[in-house]
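What the coordinates show
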Amino acid sequence: MSNSSTTLSVVVPLYCEEEQVRKLYLSLETYIQGQVDSWELILVDDGSTDNTWGEIQTLSHTSSNLRAIRLSRNFGKESALCAGLEAARGDAILVLDGDLQHPPSLIPDMIRIWKEKGVNIVEAVKEDRGKESFVNKCCSSLFYGLFSRFSGFDLRGASDFKLIDRQVRDAWLKMGERNLFFRGMIAWLGFRREPIPFAVEERADGKSRWSTRKLIRLALTGFTSFSGAFLRLPSVLGVFFFISAVILGIDALYMKFSGKAVSGFTTVILLLLIIGSLLLICLGIIGEYLARIYEEVKGRPRYIIREKLDNDE
Ligand code: UDP
Ligand code: MG
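Here the structure is a predicted model, which is why all the values come from computation and not from measurement.

**Structural notes on the site of ligand 1**
Around ligand 1 lies a shell of 17 residues, among which E17, D46, D99, S208 and R209 are the nearest. E17 is positioned with one of its side-chain polar atoms (N or O) 2.6 Å from an oxygen atom of ligand 1. Between ligand 1 and G98 there is a distance of 2.8 Å, counted from an oxygen atom to a backbone nitrogen or oxygen. Notes on ligand 1: free accessible area 530 Å², of which the protein chains cover 88%.

**Some remarks on the coordination of the magnesium ion (ligand 2)**
The magnesium ion (ligand 2) binds to the protein through D99 (OD) and Q101 (OE1); the donor distances cover 1.9 Å. Q101 matches D99 in its accessibility class, with the two residues each being buried.

**Some points on the packing of aromatic side chains**
Summed over the entire model, instances satisfying the criterion amount to 13 aromatic pairs. With 5.7 Å between their ring centres and 25° between their planes, Y25 and W39 make a pair best called stacked. Separated by 14 residues along the polypeptide, Y25 in helix α1 (residues 21–32) and W39 in strand β2 (residues 38–45) bring together distant segments of the chain. According to the relative accessible area criterion, W39 is buried, its value standing at 9%. Pairing F143 with F181 gives two aromatic rings, centres 6.2 Å apart and planes at 80°, and the pair type is edge-to-face. On the criterion of sequence distance, the pair formed by F143 in helix α5 (residues 134–151) and F181 in the loop between α6 (166–174) and α7 (182–189) is long-range, its members being 38 residues apart. Residue F181 is classed as buried on the basis of its relative accessible area of 3%. Cluster of aromatic residues (ring-pair linked, three or more members): F143, Y144, F147, F153, F181 and F226. Positioned over the ring face of F150 is R149, at 5.2 Å from the centre of the ring. For R302, the ring lying beneath its charged end belongs to W172, and the centroid distance is 5.9 Å.

**Let's talk about helix α10 (residues 266–298)**
With 33 residues, α10 extends 48 Å between its outermost C-alpha atoms, agreeing within 8% with the 48 Å of an ideal straight helix rising 1.5 Å per residue. Among all positions of α10, only C282, I285, Y289 and R292 are buried. Summarising the contacts, the buried residues of α10 are in contact with α8 (212–226) and α9 (229–257). Where α10 terminates, the next one or two residues include G299, which has phi positive at roughly 65°.

About the criteria used
Residues numbered from 1 in each chain as written. Chains lettered and ligands numbered in written order. Predicted model: local features only at pLDDT ≥ 70, side-chain atom pairs only at ≥ 80, totals over all residues. Heavy atoms only, no water. Near = heavy atom within 4 Å. Polar contact = N/O pair within 3.5 Å; in protein donor to acceptor, adjacent residues only side chain to side chain. Areas by Shrake-Rupley, 256 points an atom, 1.4 Å probe, with all protein chains shown as cover. Donors = N, O, S within 2.8 Å, 3.2 Å for Na, K, Ca; no water. Buried < 20%, exposed > 50% of the residue type's maximum accessible area, 1.4 Å probe, protein only. Phe/Tyr/Trp six-rings, centres within 6.5 Å; stacked < 30°, edge-to-face > 60°. Helix = DSSP H or I, 4+ residues; strand = E, 2+ residues; numbered from the N terminus. Lys NZ or Arg CZ within 6 Å of the ring centre and 35° of its normal. Expected span 1.5 Å × (residues − 1). Contact = heavy atoms within 4.5 Å.

Shown next as structure tokens:
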């Protein structure tokens, strides 16, 4: 692998990152030059509403190894990543965020590990999650806790900052689902992997491009596509409530026949409320899985390309 000439493709999804485009390119150039024989940068503009595409076009006049894809609207980071991976031609593909929270200074070490250890995946693992709100920290640790318990893949500390070889990229692209969860899917693929710790940098403009709604959607996608555990929840609750019902029923009959009146309506109201809300939650869970099956069955493309920039074509 290391004897022949190596090409590295760097894939970066961008959503409203006009400020970062040039900084990102210069920083990548600093750390990648000399580490591989050649490299290309694939920027995917995920339907930005600011001047990100304009900045990319300007940059392409001076950077011959820059290729770019502009999606027709905001499809979300995972779909943008997919567009970039499909376009990548390198022997290895490096995936990182465009906001410089994934420090490019780690890249030489990642390339060295890939070449020297002959692994398929070098994954940067968050040692320190950087500045994050308390609620964010709690929600992500709850999600990753549940995810590892039910899916069997421990993604704690995992990030999308990864170097993968061509074999992994090809295998990933063969996974046909529309609901994408990049880091989970890479974990599912297996292959030889090596972690490398890093500390998440602070975001230059401080504002994440992930809205709470998008994050909840990704968490649900991750969970529903990796575990059917929630679908079994109604059966578990059903058994629990059946046992309680038998005990309560015997108690009620005993009270009736021994002449003591069953105590007021409180019990009935409470039971109605509990069972009613549990039934709705269970229906909602089934709906969540059904919605995803529906999206998969429609078989729509994962993204639509509006235009491309390719200096080679
Ligand atoms: N991103 C994207 N599409 C989106 C949201 C985000 O391509 O709909 C990109 C964003 O421009 C950045 C990367 O995904 O390069 C990570 O996003 P962000 O930094 O906002 O996420 P966080 O660091 O908060 O997890
Ligand atoms: Mg970020």
